[in-house]
Amino acid sequence: MEKVDVYDELVNLKATELRLGLPGTEETVSCGKSNKRALLDDTEKEIESTGKNETASPPKAQIVGWPPVRSYRKNNIQTKKNESEGQGNYVKVSMDGAPYLRKIDLTMYKQYPELMKSLENMFKFSVGEYFEREGYKGSDFVPTYEDKDGDWMLVGDVPWEMFVSSCKRLRIMKGSEVKGLGSGV
Amino acid sequence: MTQDRSEMSEDDDDQQSSPLDLPSTAIASSSTPNKSRNCISSSVTLKSQTFPDHVLENVLENVLQFLDSRCDRNAASLVCKSWWRVEALTRSEVFIGNCYALSPARLTQRFKRVRSLVLKGKPRFADFNLMPPDWGANFAPWVSTMAKAYPWLEKVDLKRMFVTDDDLALLADSFPGFKELILVCCEGFGTSGIAIVTNKCRKLKVLDLIESEVTDDEVDWISCFPEDVTCLESLAFDCVEAPINFKALEGLVARSPFLKKLRLNRFVSLVELHRLLLGAPQLTSLGTGSFSHDEEPRSEQEPDYAAAFRACKSVVCLSGFRELMPEYLPAIFPVCANLTSLNFSYANISPDMFKPIILNCHKLQVFWALDSICDEGLQAVAATCKELRELRIFPFDPREDSEGPVSELGLQAISEGCRKLESILYFCQRMTNAAVIAMSENCPELTVFRLCIMGRHRPDHVTGKPMDEGFGAIVKNCKKLTRLAVSGLLTDQAFRYMGEYGKLVRTLSVAFAGDSDMALRHVLEGCPRLQKLEIRDSPFGDVALRSGMHRYYNMRFVWMSACSLSKGCCKDIARVMPNLVVEVIGSDDDDDNRDYVETLYMYRSLDGPRNDAPKFVTIL
C-alpha cells in the first residue's frame, strides 16, 4: 500500500476542517510527514515527523497567525541545517551522461524553483513541469535525490525544509530509469 | 541606555501613563467629561485686563516651548483657547498613534511648526496575517500634505505604514533639512527609494530600517550617499534582504565621524565586519551582520576577530548574528562586560555555547534570544544579569506542537535572579501558575508581561488547572503593569481579576481565552486606562461589545477577530457613536448579507471614515 493514499486522506481532512483564518490564507501544513513517493515494503512504517510527539493521527494544521511570531522573524531564523553543517550544506550533483560531478550548497536556495533554475543552468538542460501526483512531465530529465534513509526520491515531493535536511545527494536521471519512481504507474 | 532600548524594541509603545493622544484632546472639549482624565472646562478664559493679549501669548510661547512631553502639552492645550493656540504654535513633535484618527489636513491646520512626526498605521495583529494585504495605512497623503505645510520637517518615524518609493522621493525633495528617517515594520518600498533618500538628504543623521520589508531593486543605495563627510549617526539596515557594495560601505563608514550606531545585514560577512570595526572604534551600537563566512574554506591567515572587538571599547549594544557560526562567538568576549543590550534572537545557540558568553555580561539590561538557549541558559542569565530590565525569548520552532526547550523553570529562575525586570515576552510550551505567581511577587517593577504558551488552551502542566491564578497574580501584584498578553487555558475568572486589579493596563492582547461575554465585560468595565484591545478567537459576542460603549471614544482601537459578533450589533454601535469608525474586515468573496463578523477593527476618528478602504473592508 502506498503512502500516497494516506496523503489523500490528509488532503481531504484538510479541506473539510473548520479553519479559524481568513479564506484564501492557508498556512502550509508543516508537520513534516513523509510523502515518500517510492514504493515501500513496510506498510506499517510510521509517519515521519519533525516533532517528537507525533502520533499516527493526522498532524495539527497550523492556525493562521499562531503562535504570534512575525513572518520576518519566522523566515530569518537560522535553520537547523547550519547547526549540523556549520558552513553551508554541500551535496554532490550528478547527471546521467554528464562527465563531471558538481557540488552545490543547498543553503544558497530558499525554494525549489531557485534550485531548479540553478541546476538547469549548471547542466544545460530543462526539467519540465512538476505535478504532485505524476512527477515531472515534458522532459527526459528528472531531478532525484537520495535521502537520509538511502531512498531515491523525486525532488519536490516533500516540503523544502525537509528536503534540505534529508538530501544527501542529487542525481538528474534520464528517461527510462525514472519510471520506477512514479506513483503507482 | 533608554535610547538603545527603544531602538531595539519590537512593539515598544509609549510608556506614558496618561495618554492624551491628539484626537482625544479635540474630542474632549466637545464630549462629556470622563472619569479617566482631568478635564478643565474650556470655558475658562484668562482675564487679560492687566496685559494685552499678544504680550500674554508671547510669554506663554516662551514658556510652553520648554514642554516636551505630549501629555503635558495636551493638558496645557485644554486650559483655554489662548493656551490652545500657543501650544499649537510651539509643538514641534507630533505623535499620532493611529493614522486614521485624523486627516493630514487637520494636522497641518492645527500645528504650524512641526519638525518631527511619529505616525503609526496598521494594527499589530496585521503582523500575523490576520488581515489581507493592502488594507491601507498609506504614507502618501501625509507626505504630500506635509511637503507643502512643513518645509522645515526634520524627522519622520513610521510604524506599520505603507510607504512607496514615490513617497520617499517626495520626502527627499521636499525637506531640505531632513535629518531622521525611521521605518519600523513598514513595507511598500525598495532599495531604489532608499537610494533617493541617501542621495538627496544631505543632512541625514539617522536612517533606521527596522524589521521592514524592503524589495531588492538591485540599486547600490550605499554608493548614493554624497562623497563628502556625512552627518550620519545611525545607520540600520539589518532587515534589507539585498547584497550591498561593501567597498562603498567601508568608504561611507570612513567618512562618517559621528557614526555611533551601525546595524549590518546578513550580506556582510565576518571578514568584512572585521575590517569595518577596525575603522570605526567609536561605535556604541553594532549589528554584526551574518557573523559567518560565505566562502567554503577559510583562508590561511584568519583575521583576529577578538582584537577587532577589543578595539571597540564603546560598544554597549550588540545584535545581528544572522547566520552565526558558533565557533566564532567567543570573539565577542572583549565587549561582553560593557554590554547593556544583547540581541541573539536570530541565532540558534545551544546552552553550552551560550553560557560562557552570558557569564560575562554583568551589566546587561536588555536581552533577546531564541529558546534554543533552554532553561539552562535562562538560569545562567538569572545568575549573572542582575540589572536586567527587558527579556524576550522567541521560539526557534514557532509551531503549536513543537517541543519547547524553555518552560516554567526558566521563568522561575529569571524571576528569582532578575528582580529589576520591567518587561518580559516569553514563548513556551509549558507553564505553571506557580512560576507566574513567583514572577509577580519577585518582580514588582514589571510594566509589560507577555506570556505566550504556544499550544492553545494549555492548562498549568503540573496541576492541570487553568492559568487564571497566574495571570491574576500578575495584575494584582504588579502595580505598575501597563501591558498584558495572556495565553493558555483561561476562564472568565482570569478576566475578573484583570477587571478588578488591572487599573493601569493600557494594552491587552487576548487569544483563545475566556468562556463567555462576562470575561470581556469585566475588562471593559474594570480597566479605565485601557487604550488598545486586541482579541482573537475568543467567545465574546454582542452583549460584551455593547458593554464597552462608554469606553470606545477614549481608546485608540479595538480589534476583535473570530469572535461571536454580529453585523447588526456593530451597525448599532456605529450609529450611536458617530466619531467611531467601525470597520468590518472580511475577504473579497464575502457575502454582504452574512451577519457574522469575521474581523472587527474600530477606532475613534475626528474626520470620519477613510476614503481609501479596499474592497474587503466595510465601514458601517
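Residues numbered from 1 in each chain as written. Chains lettered and ligands numbered in written order. Predicted model: local features only at pLDDT ≥ 70, side-chain atom pairs only at ≥ 80, totals over all residues. Heavy atoms only, no water.

**A word on the overall build of chain B**
Within chain B one finds 22 helices and 23 strands. Taking all 620 residues of chain B together, 60% fall into the buried category. In chain B, the share of contacts with a sequence separation of at least 24, taken over all contacts with a separation of at least 6, comes to 72%. Accessible surface computed for chain B: about 23,600 Å², of which carbon and sulfur atoms make up 52%. (Helix = DSSP H or I, 4+ residues; strand = E, 2+ residues; numbered from the N terminus. Buried < 20%, exposed > 50% of the residue type's maximum accessible area, 1.4 Å probe, protein only. Contact = heavy atoms within 4.5 Å. Areas by Shrake-Rupley, 256 points an atom, 1.4 Å probe, with all protein chains shown as cover.)

**Description of the overall build of chain A**
Across its full length, chain A carries five helices and seven strands. Reading the helices (α) and strands (β) of chain A from amino to carboxyl end gives α-α-α-β-β-α-β-β-β-β-α-β. Each of the 185 residues in chain A was classed as buried or not, and the buried ones make up 42%. Across chain A, every contact between residues at least 6 apart in sequence was considered, and the portion connecting residues at least 24 apart equals 55%. Accessible area for chain A stands at about 10,600 Å²; split by element, carbon and sulfur atoms hold 51% of it.

**Things to note about the side chain of Lys155(B)**
Here Lys155(B) lies in strand E3 (residues 155-159). In this structure Lys155(B) is buried but unpaired, with Glu180(B) as the nearest side chain of opposite charge at 4.1 Å. (Lys, Arg positive; Asp, Glu negative; His and termini not counted. Salt bridge = Lys/Arg side-chain N within 4 Å of Asp/Glu carboxyl O.)

**Notes on the confidence of the model for chain A**
All names here are of chain A. When pLDDT is averaged along chain A, the result is 66; 54% of the residues meet or exceed 70. Under a pLDDT of 50 for its full length, residues 25-58 has, in the predicted model, 72 contacts with residues more than four places off or in other chains. Every residue in residues 79-86 scores below 50 in pLDDT, and together they form nine contacts with partners more than four places removed in sequence or on other chains. (pLDDT = per-residue confidence, 0-100.)

**A short note on the environment of Phe237(B)**
Residues and elements named next belong to chain B. Inspection of the secondary structure puts Phe237 in the loop between strand E8 (234-236) and helix H10 (246-254). Here Phe237 falls in the buried class, since its relative accessible area comes to 0%. Each C-alpha atom of the pair Phe237 and Val214 lies 9.6 Å from the other, and the pair is 23 residues apart in sequence. Beyond its immediate sequence surroundings of up to four residues, Phe237 is in contact with Leu209, Trp221, Ile222, Ile244, Leu249, Arg263, Leu264 and Asn265.

**Quick word on helix H9 (residues 191-200) of chain B**
Buried residues of H9(B): Thr191(B), Gly193(B), Ile194(B), Ala195(B), Val197(B) and Thr198(B), and no others. Those residues of H9(B) hidden inside the fold are in contact with helix H8 (165-174), strand E4 (180-184), strand E5 (189-190), strand E6 (206-210) and strand E7 (214-215) of chain B.

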